[in-house]
Amino acid sequence: NAGVMQNPRHLVRRRGQEARLRCSPMKGHSHVYWYRQLPEEGLKFMVYLQKENIIDESGMPKERFSAEFPKEGPSILRIQQVVRGDSAAYFCASSPTLAGATGELFFGEGSRLTVL
Amino acid sequence: GQQVMQIPQYQHVQEGEDFTTYCNSSTTLSNIQWYKQRPGGHPVFLIQLVKSGEVKKQKRLTFQFGEAKKNSSLHITATQTTDVGTYFCAGPSGGSNYKLTFGKGTLLTVNP
């Protein structure tokens, strides 16, 4: 049973370019969460999605960031017009039920974005 | 907003020594979770504590949840080189269990 799959693992962008990060949840998981980790920091919640629905995007910056989880295909975190401060590791997690019932979030390997 | 503090930030031990990391929340938590992240890796769930005063053991790891449900600790007995990594505690934020507030973690290094 494959785990949470994220790609790309590493992404380099110049300031002003767009970054697209993809996440396929574990099989049977319909809840997807995106977290951001700055160097030597803990993870910070960004957004929670179910298929075709954004449930909670309270942790997402209001500008330049968007997320989706279409009916078919992976969840995508999109960052437009990237700036150096966007350099971070972006982790996707999934759960079979709303996280908290079992407590466990299954994290992917992360996508490490570097903005030059 | 809710804050989760962890100490120490770094801990270096000799293999075989014990290790403890402490976690304190600014608010009472319904539960607390612990994750381990190896260098360059991703967070891996270790455990969830729910009850006041709860103690759980996983082989050499002992997890405690404080009586007031605002603090927690992770103790590793007789560390091994495989224990190297950053240990994070995390608590639910705003009544939502999926929206975890993570501490900054304790980076454990073990000298063989």
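Above this text sits the structure in question.
Asks: Is there a simple way to explain the sheet that holds strand S1 (residues 5-7) of chain A in this structure?
Replies: Sheet strands pair via backbone hydrogen bonds, and the direction of the pair is either parallel or antiparallel. Residue and element names in this part refer to chain A. Pairing within the open sheet is antiparallel, and its four strands lie in the order S1-S3-S8-S7. Every interior strand has two partners, whereas the edge strands, S1 and strand S7 (65-68), have only one. Averaged over neighbouring strand pairs, the angle between their axes works out to 15° when direction is ignored.

Asks: What exactly am I supposed to notice about the interface of chain A and chain B here?
Replies: Reports of interface size often rely on the accessible area that becomes lost once the parts have come together. Facing 23 residues of chain A, the contacting portion of chain B comprises 19 residues. Together, the buried faces of chain A and chain B total about 1,800 Å²; carbon and sulfur atoms form 52% of this surface. On the surface where chain A and chain B come into contact, there are two salt bridges. The residue A:Glu41 makes a salt bridge to B:Lys104 at a minimum N-O spacing of 3.5 Å. Linking chain A to chain B there are nine residue pairs in polar contact (both at pLDDT 80 or more). Residue assignment for the side of chain A that touches chain B shows that the elements contributing at least two residues are strand S4 (31-37) and strand S5 (43-50) of chain A. Across the side of chain A that touches chain B, the residue classes tally to 10 nonpolar, seven polar and six charged.

Asks: It is not clear to me how the nonpolar core should be interpreted in this structure. Could you clarify?
Replies: Burial of nonpolar side chains together is a common tendency in soluble globular proteins. Counting residues in hydrophobic clusters, the biggest one holds 23 residues, and the most contacted among them are A:Trp34, A:Met46, A:Leu77 and A:Tyr90. Elements supplying a minimum of two residues to this core: strand S3 (19-24), S4, S5, S7, strand S8 (75-79), strand S9 (88-95) and strand S11 (111-115) of chain A. Listed in part, the 20 residues of the second largest apolar core include B:Val13, B:Leu46, B:Leu74 and B:Cys89.

Criteria and thresholds
Residues numbered from 1 in each chain as written. Chains lettered and ligands numbered in written order. Predicted model: local features only at pLDDT ≥ 70, side-chain atom pairs only at ≥ 80, totals over all residues. Heavy atoms only, no water. Pairing = 2+ DSSP bridges. Helix = DSSP H or I, 4+ residues; strand = E, 2+ residues; numbered from the N terminus. Axes fitted to C-alpha atoms, helices over the stretch in contact; angles between N-to-C directions. Contact = heavy atoms within 4.5 Å. Buried area = accessible area lost by both parts, 1.4 Å probe. Salt bridge = Lys/Arg side-chain N within 4 Å of Asp/Glu carboxyl O. Polar contact = N/O pair within 3.5 Å; in protein donor to acceptor, adjacent residues only side chain to side chain. Nonpolar A, V, L, I, M, F, W, Y, C, P; charged D, E, K, R; others polar. Core = buried A, V, L, I, M, F, W, Y, C linked by side-chain atoms within 4.5 Å. Buried < 20%, exposed > 50% of the residue type's maximum accessible area, 1.4 Å probe, protein only.

None of the figures reported here should be taken as evidence of function without further support.
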